[in-house]
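Tertiary structure, described
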Amino acid sequence: MSNLPANPVFCALDTTDSVRAATLAHSLKGAVGGLKLGLEFFYACGHAGYRTVAEAGLPLFLDLKLHDIPNTVAGGVRALLPLKPSIMTIHAGGGLAMMKAAVEAAAEAGEQRPLIVGVTVLTSLDQSDLAAMGVQGSTGEQVLRLAELAEKAGLDGVVCSAHEIGALRRERSPGFKLIVPGIRPAGAAIGDQKRVMSPADALALGADVLVIGRPITDAPDPRAAAEAIRASLS
Ligand code: C5P
């Protein structure tokens with residue numbers, strides 16, 4: 001299983017331009033722990049684009065949020081293993097059997113298997129959205145319920161908002177990884193994120209990975225922005 005890097009910051013490269021992504025990857029080497037590539041990048045640039053970014057040598061978090069029947073998700077995970085990502089995401093809402101199938105497929109990579117983490121409740125959904133889908137209770141309760149199911153299925157952790165770190169740290173095992181987006185260094189534009197937290201505060205609460213995109217990629221000097229975040233954590 002791949003170990004997480006000492007620097008917890010994974011920079012989200014949300015672009016369809018593989019040249020821009022690769023340029024950023026090379027310029028951020030040593031200043032961030034890893035990079036996150038998601039749907040936008042992967043659908044536009046595919047395996048070839050991924051490999052271009054991977055040439056920078058940083059750990060990669062492939063955030064494709066798989067969600068389908070167990071056999072299909074297992075096949076999807078298997079098809080991605082040759083890329084050797086450090087972290088991959090699936091939807092915890094796909095259920096216990098789907099999550100177990102993903103973990104079993106990932107295990108085929110042996111020592112080099114990626115961490116498989118579950119997306120619980122998308123932060124774009126609130127309690128009324130859950131109610132409309134027939135889910136009772138608060139989003140926080142649903143996050144805890146799905147995280148419990150994820151750990152039972154053998155997942156390595158979940159993606160969560162900074163405001164859920166405390167409750168998840170109390171309820172889940174110490175080794176269960178918490179991957180946290182919605183992080184904003186002091187003074188950075190909040191953009192479309194609604195509830196944000198500083199990198200140092202999220203880390204102090206118990207985050208394992210801090211996903212930070214635009215505060216780095218949109219900065220006039222992305223490397224300097226990443227270095228400043230790293231300095232704020234030491
Ligand atoms: O630019 P920014 O720092 O907001 O980027 C955050 C990254 O984390 C984006 O790739 C976004 O898709 C992802 N993400 C998020 N909120 C979640 C889950 C993932 O912002 N709840």
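In this text the structure is predicted, and so the values were computed from the model without any measurement.

The interhelical angle for the contact between helix 3 (residues 70–80) and helix 4 (residues 96–107), taken along N-to-C directions, is 30 degrees, at an axis separation of 8 Å. Accordingly, the angle class assigned to the pair helix 3 and helix 4 is roughly parallel. Helix-helix and strand crossings are classified by hand; for helix 3 and helix 4 the assignment is right-handed. For the pair helix 3 and helix 4, the contacting residues are Pro70, Val73, Ala74, Val77 and Arg78 in the first and Ala97, Met98, Ala101, Ala102, Ala105 and Ala106 in the second. Each residue belonging to the contact of helix 3 with helix 4 can be placed in one class, and the counts come to ten nonpolar, no polar and one charged.

What follows is about the site of the ligand. Neighbouring residues of the ligand: Ala12, Asp14, Lys36, Thr123, Pro181, Arg184, Gln193, Val211, Ile212, Gly213, Arg214 and Pro215. Taking Asp14, its side chain carries an N or O atom lying 2.7 Å from an oxygen atom of the ligand. One of the side-chain N or O atoms of Arg184 is found 2.8 Å from an oxygen atom in the ligand. If the ligand stood free it would expose 460 Å²; the protein chains cover 81% of that surface. For the shell around the ligand, the elements supplying multiple residues, two or more each, are strand 8 (209–212) and helix 9 (214–217). When grouped by side-chain class, the residues that make up the shell around the ligand number five nonpolar, three polar and four charged.

Here the focus is the environment of Ser234. Residue placement: Ser234 occurs in the segment after helix 10 (222–233). Among the residues examined, Ser234 registers a relative accessible area of 84% and is labelled exposed. The spacing of Ser234 and Asn7 is 227 residues in sequence and 9.8 Å in space, taken between C-alpha atoms. In this structure the side chain of Ser234 is engaged in a polar contact, spanning 3.1 Å, whose partner is the backbone oxygen of Ala231.

Attention shifts here to the sheet that holds strand 1 (residues 9–12). The eight strands are arranged 1-2-3-4-5-6-7-8 in a closed barrel whose pairing can be described as parallel. Each strand of the sheet is rotated relative to its neighbour by a mean of 25 degrees, with strand direction disregarded. Examined bridge by bridge, strand 3 (residues 60–66) and strand 4 (residues 87–91) share three bridges and lie parallel to one another. Its bridge partner being in strand 4, Phe61 is matched across the sheet by Ile87.

We now examine helix 4. Taking 1.5 Å as the rise per residue, helix 4 with twelve residues should run 16 Å; its terminal C-alpha atoms sit 17 Å apart, in good agreement. Listed in full, the buried residues belonging to helix 4 are Met98, Met99, Ala101, Ala102, Val103, Ala105 and Ala106. Buried residues belonging to helix 4 abut strand 3, helix 3, strand 4, strand 5 (115–119) and helix 6 (139–153).

Here is what the cut-offs are and how they apply
- Residues numbered from 1 in each chain as written.
- Predicted model: local features only at pLDDT ≥ 70, side-chain atom pairs only at ≥ 80, totals over all residues.
- Heavy atoms only, no water.
- Axes fitted to C-alpha atoms, helices over the stretch in contact; angles between N-to-C directions.
- Helix = DSSP H or I, 4+ residues; strand = E, 2+ residues; numbered from the N terminus.
- Parallel < 35°, antiparallel > 145°, perpendicular 65-115°, else oblique.
- Left-handed = near helix turned anticlockwise from the far one by under 90°.
- Contact = heavy atoms within 4.5 Å.
- Nonpolar A, V, L, I, M, F, W, Y, C, P; charged D, E, K, R; others polar.
- Near = heavy atom within 4 Å.
- Polar contact = N/O pair within 3.5 Å; in protein donor to acceptor, adjacent residues only side chain to side chain.
- Areas by Shrake-Rupley, 256 points an atom, 1.4 Å probe, with all protein chains shown as cover.
- Buried < 20%, exposed > 50% of the residue type's maximum accessible area, 1.4 Å probe, protein only.
- Pairing = 2+ DSSP bridges.
- Expected span 1.5 Å × (residues − 1).

Remember that the coordinates give geometry; whether it matters functionally is a separate question.
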